[in-house]
Amino acid sequence: MLATLPLERLLARAEAVLDRLEAALPPRPEPPDWQSATAFRWRQRQGRGHLQPVRRPHPIRLADLEHIDDQKERIAANTRQFVAGQPANNVLLTGARGCGKSSLVKAVFNEYAGKKLRLIEVDKDDLLDLADIVDLVAERPERFIIFCDDLSFEAGETAYKALKSVLDGSVTAPPDNVLIYATSNRRHLMPEYFSENLEATQGSDEIHPGEATEEKISLSERFGLWISFYPFSQEDYLGIARHWLRHFGVDAASIAASERDALNWALGRGSRSGRVAWQFARDFAGRTARRKKS
């Protein structure tokens, strides 16, 4: 009896320490009220993650997005397969800034939200919580798009490993009701340097320098569908500007007279993009309405 007493005390103390550690750890995230919204954001508060309902999702529709018909059809087809329970791919949308990558994800979500499609927006800094998010939704009857906007990683960041695991690399099979749609201004999500090519050809301290480059490229390759965006022509830009001017209620005569202003606006911004066209239309519509009141 005396010989076993120290062991019993040791076990009791170990249990007490474990209880304290468990109390200090953040609890498992609680599921939200799934009926309260169709879109959610992952938020951190005091080290605890939770899904925050989005009360007013962006109302943009596929019909609002002009001159990207091929991109719309490809992502719409993939999403139709997904909501129908058929095989579908994770999607990476890349290319020119302001040409509709993020808007396209929001628009295709709005198109299929009535078919039990749900959207969860996750910031890059919270990608380490992806496994917890997937666990929250894995048994739900809805279909979930996890949306990562403006995604890229700098040297030394490790959050990309969590993304790789959810995309394709975990011992756990990805659930059938979850896809990741991500946008980025660059095809390869991690930076590559000319010095890496020199290391591969001239030698470096690393025995296999080419494998480091392969590691960087492998992240974007885990997305099954790549959709590329390109800068708009002048006529495309003007067409988009006219669409948004009509959306904001500008009369036909004012729209016809707006071309020079629209081109000057793009010149001042250094870009002809859908975003710039939308910003011009808001400014022009506001000035037109003010003139009519005065």
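Relevant structure appears above.
Throughout this description, residue numbers start from 1 for each chain and increase along the sequence as written. Where totals are concerned, whole chains, interfaces and linings use all residues; where local detail is concerned, this predicted model gives features only for residues with pLDDT of at least 70, and gives and counts side-chain atom pairs only at 80 or more. Processing note: side-chain calculations cover all non-hydrogen atoms of the structure and skip hydrogens and water entirely.

A. Quick look at the pattern of salt bridges. In the sections that follow, a salt bridge refers to a side-chain nitrogen of Lys or Arg positioned within 4 Å of a carboxyl oxygen of Asp or Glu. Applying the stated rule across the entire model yields 7 salt bridges. One salt bridge connects K72 with D69, and the closest N-O pair in it is separated by 3.9 Å. Residue K72 and its partner D69 are both found in helix α2 (residues 69-83); the two are separated by 3 residues, about one turn of the helix. A salt bridge links E142 to R140, with the shortest nitrogen-to-oxygen separation between them at 2.8 Å. Only protein chains enter the accessibility calculation, which uses a 1.4 Å probe; a residue is then buried when its area is under 20% of its type maximum, exposed when over 50%, and partly exposed in between. Under the relative-accessibility criterion, R140 is labelled partly exposed at 25%. A helix here means a DSSP run of H or I that spans at least four residues, while a strand means a run of E at least two residues long, and both kinds are numbered starting from the N terminus.

B. The arrangement of the sheet that holds strand β7 (residues 225-229) in detail. Reading across the sheet, the 7 strands line up as β2-β1-β4-β5-β6-β3-β7 and stay open at both edges, with mixed pairing between neighbours. The open sheet has two edge strands, β2 (48-53) and β7, and neither has a second partner. Within this sheet the neighbouring strands show an average axis-to-axis angle of 25 degrees, counted without direction. The pairing criterion is simple: DSSP has to find at least two bridges between the two strands. Bridging between strand β3 (residues 91-95) and strand β6 (residues 178-184) involves 4 bridges; their strand directions are parallel. Bridged to V91 within β6 is Y181. Should any heavy atoms of two residues lie within 4.5 Å, those residues are counted as being in contact. Axes here refer to lines fitted to C-alpha atoms; in helices the fit is confined to the stretch in contact. Angles between the N-to-C directions go from 0 to 180 degrees. Relative to the sheet, α2 contacts β3, β4 (117-121), β5 (143-148), β6 and β7, its axis offset from that of β7 by approximately 155 degrees.

C. Geometry of the packing of α2 against helix α3 (residues 101-112). For the pair α2 and α3, interaxial distance at closest approach is 10 Å and the crossing angle is 40 degrees. Taken together, α2 and α3 sit at an angle that is classed as oblique. As for the relative orientation of α2 and α3, their crossing is right-handed in sense. Where α2 abuts α3, its residues Q71, K72, I75, A76, T79, R80 and V83 lie against L104, V105, V108 and Y112. Under the scheme applied, nonpolar residues are Ala, Val, Leu, Ile, Met, Phe, Trp, Tyr, Cys and Pro; charged residues are Asp, Glu, Lys and Arg; polar residues are all the others, including Gly. When grouped by side-chain class, the residues that make up the contact of α2 with α3 number 7 nonpolar, 2 polar and 2 charged. Note on terminology: angles under 35 degrees are roughly parallel, angles over 145 are roughly antiparallel, angles of 65 to 115 are roughly perpendicular, and the others are oblique. For any pair of crossing helices, the crossing counts as left-handed if the nearer helix is rotated counterclockwise from the farther one by less than a right angle, and right-handed if it is rotated clockwise.

D. Layout of the nonpolar core. Counting residues in hydrophobic clusters, the biggest one holds 48 residues, and the most contacted among them are I75, L93, Y181 and Y237. Not counting chain neighbours up to four residues away, the residues in contact with I75 comprise V91, L93, L104, V105, V108, Y181 and I227. Ranked by size, the runner-up nonpolar core spans 28 residues in total, among them W34, V137, V166 and A182. Here, nonpolar core means buried Ala, Val, Leu, Ile, Met, Phe, Trp, Tyr and Cys residues that are tied together by side-chain atoms lying within 4.5 Å of each other.

E. Highlighting helix α10 (residues 259-269). Along α10, the positions that sit buried rather than exposed are A262, L263 and A266. Buried residues along α10 cover an arc of 95 degrees about the axis, so they all sit on one side. Summarising the geometry of α10, the exposed residues directed more than 90 degrees from the buried face are R260, L267 and G268. Tucked into the core, α10 has its buried residues touching α8 (234-247) and α11 (274-293). Of the residues flanking the end of α10, it is G270, one or two places downstream, whose phi is positive at about 70 degrees. When we speak of the arc, we mean the arc of directions from the helix axis to the C-beta atoms.

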